[in-house]
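Architecture at a glance
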Amino acid sequence: CFEALPEPGGMFRYGIPEYRLPTPTLMREIDWICSHGIDLRCNTRIGKDISFEQIQKEFDAVFLGVGAHLGMKLQIKGEDMKGVVDGVDFLREANMGKPVNAKGKVIVIGGGNVAMDAARVSWRAGFEEVHVLYRRTKKEMPASPWEIDAAEQEGVKFQYLVAPIEVVGENGQMKGLKCLRMELGEPDASGRRRPVPVEGSEFIVEAETLIPAIGQRPDLSFVPDGSGIDITRWNTFAVTHSNYMTNVPGVFSAGDVETGPDIAIKACAGGRKAADGIVRYLRSKKSK
């Protein structure tokens, strides 16, 4: 088992905050799995420390469960300023025990559970104020209602019908976020009413830190050109769900890198089904 980060667990270890999933609880499960003869190699990044081609040569079957660790950009002016940190990166560094520069105010952009996690971790890190900005209303937020309620009870401030348009600052350091008021129009492809900008409604929210948490995607840079593996338009691996094998014989995949960002238990279920598919595949090869 090859793992790029210092400890195993993926998003369970580095994406879910400690207060929601204590590391000792997670590691107890991982240690039990490893006790069954797993050769675990951490700090080993595919494409850097070992090539994907080499793995294919050494093993009869390969499972790809790299998750979705890349955050989506806001695509607004100034988001490259100091003080802007992606939600996935923020949670990963916090879970690794790295110090958080929790000075002044922080703004979290997004309405999903990653945004709630980032806001609640920010509050625990000691920011003076934590603001969550969301372009629709509370009713449309995809985060679990209990996560939203918990954030509110902890003191996180929510501003609805607000969209960011520019990070403003001085000498490359963020000082605030220029925003627009929104109103809801007709439903879009998601079935939710589309946010429409209110003309002339610009305003600035002062803050030293901005955490965009508007979505994630898999990093497939480790897949070499000419691998032949089918990749969907959502930058995920296409599989046959009867066994979770890709179009390349012996290469399997499940979890966020196959479904796109989803709940953790669904990734567990996908991994278990893929394991069953791998066993059947190896048995079929042995019988030939």
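Residues numbered from 1 in each chain as written. Predicted model: local features only at pLDDT ≥ 70, side-chain atom pairs only at ≥ 80, totals over all residues. Heavy atoms only, no water.

The next thing to look at is a nonpolar patch on the surface. On the surface, Trp-32, Ile-33 and Ile-38 cluster together into a nonpolar patch covering about 330 Å² of accessible area. Looking at the element boundaries, Trp-32 is found in helix H2 (residues 23-34). The exposed category is assigned to Trp-32, whose relative accessible area is 56%. (Patch = residues over 30% accessible without salt bridge, like charges linked within 9 Å, V, L, I, M, F, W, Y side chains within 5 Å. Areas by Shrake-Rupley, 256 points an atom, 1.4 Å probe, with all protein chains shown as cover. Salt bridge = Lys/Arg side-chain N within 4 Å of Asp/Glu carboxyl O. Helix = DSSP H or I, 4+ residues; strand = E, 2+ residues; numbered from the N terminus. Buried < 20%, exposed > 50% of the residue type's maximum accessible area, 1.4 Å probe, protein only.)

Next up on the list: the side chain of Asp-86. Relative to the elements of secondary structure, Asp-86 occurs in the loop between strand S2 (70-71) and helix H4 (87-95). Despite its burial, Asp-86 pairs with no opposite charge, the nearest such side chain being Lys-73 at 6.4 Å. Side-chain polar atoms of Asp-86 contact the backbone nitrogen of Val-88, separated by 2.9 Å. (Lys, Arg positive; Asp, Glu negative; His and termini not counted. Polar contact = N/O pair within 3.5 Å; in protein donor to acceptor, adjacent residues only side chain to side chain.)

Turning next to the packing of aromatic side chains. All told, the structure shown has 5 aromatic pairs when counted by the stated rule. Judged by centre distance (6.2 Å) and plane angle (80°), the rings of Phe-2 and Phe-59 are edge-to-face. A residue pair is termed long-range when its members are at least 10 positions apart, and Phe-2 in the segment before helix H1 (11-14) and Phe-59 in the loop between helix H3 (52-58) and strand S1 (62-64) qualify at 57 residues. Ring pairs connect the aromatic residues Phe-52, Phe-222 and Phe-237, which therefore count as one cluster. Above the plane of the ring of Tyr-19 lies Arg-124, whose end atom (NZ or CZ) is 3.9 Å from the centre. Over the aromatic face of Phe-203 sits the side chain of Arg-181, whose NZ or CZ is 3.9 Å from the ring centroid. (Phe/Tyr/Trp six-rings, centres within 6.5 Å; stacked < 30°, edge-to-face > 60°. Lys NZ or Arg CZ within 6 Å of the ring centre and 35° of its normal.)

The next thing to look at is the pairing of strand S5 (residues 157-160). In the sheet, strand S4 (residues 129-134) pairs with S5 via 4 bridges, with the strands oriented parallel. Residue His-131 lies in a different strand from S5, and its bridge partner there is Lys-157. Following the backbone out of S4, through helix H6 (residues 145-154) and into the adjacent parallel S5, one traces a crossover that is right-handed. (Pairing = 2+ DSSP bridges. Right-handed = clockwise from strand over helix to strand, strands pointing away.)

Here we take up the side chain of Arg-13. Counting through the fold element by element, Arg-13 comes out in helix H1. For Arg-13, a relative accessible area of 10% translates into the label buried. One polar contact links Arg-13 to Glu-7, side chain to side chain, over a distance of 3.0 Å. Once you skip the residues sitting within four places of it in the chain, Arg-13 turns out to touch Glu-7, Pro-8, Thr-23, Leu-26 and Asn-95. (Contact = heavy atoms within 4.5 Å.)

In this structure, Val-108, Met-116, Val-132, Val-156 and Phe-158 are the most contacted members of the largest nonpolar core, which totals 22 residues. Of all elements in the fold, only H4, strand S3 (105-109), helix H5 (113-125), S4 and H6 reach the threshold of two or more residues within this core. Tallying contributions element by element places H5 first for this core, with 5 residues. Residues within four places of Met-116 in sequence aside, it is in contact with Tyr-19, Gly-110, Val-132, Met-141, Ala-143, Glu-147, Ile-148, Ala-151 and Phe-158. Counting residues in each nonpolar core, the second largest holds 16 residues, with Leu-74, Val-167, Leu-177 and Leu-210 among its members. (Core = buried A, V, L, I, M, F, W, Y, C linked by side-chain atoms within 4.5 Å.)

Read these as spatial facts, not as claims about activity.
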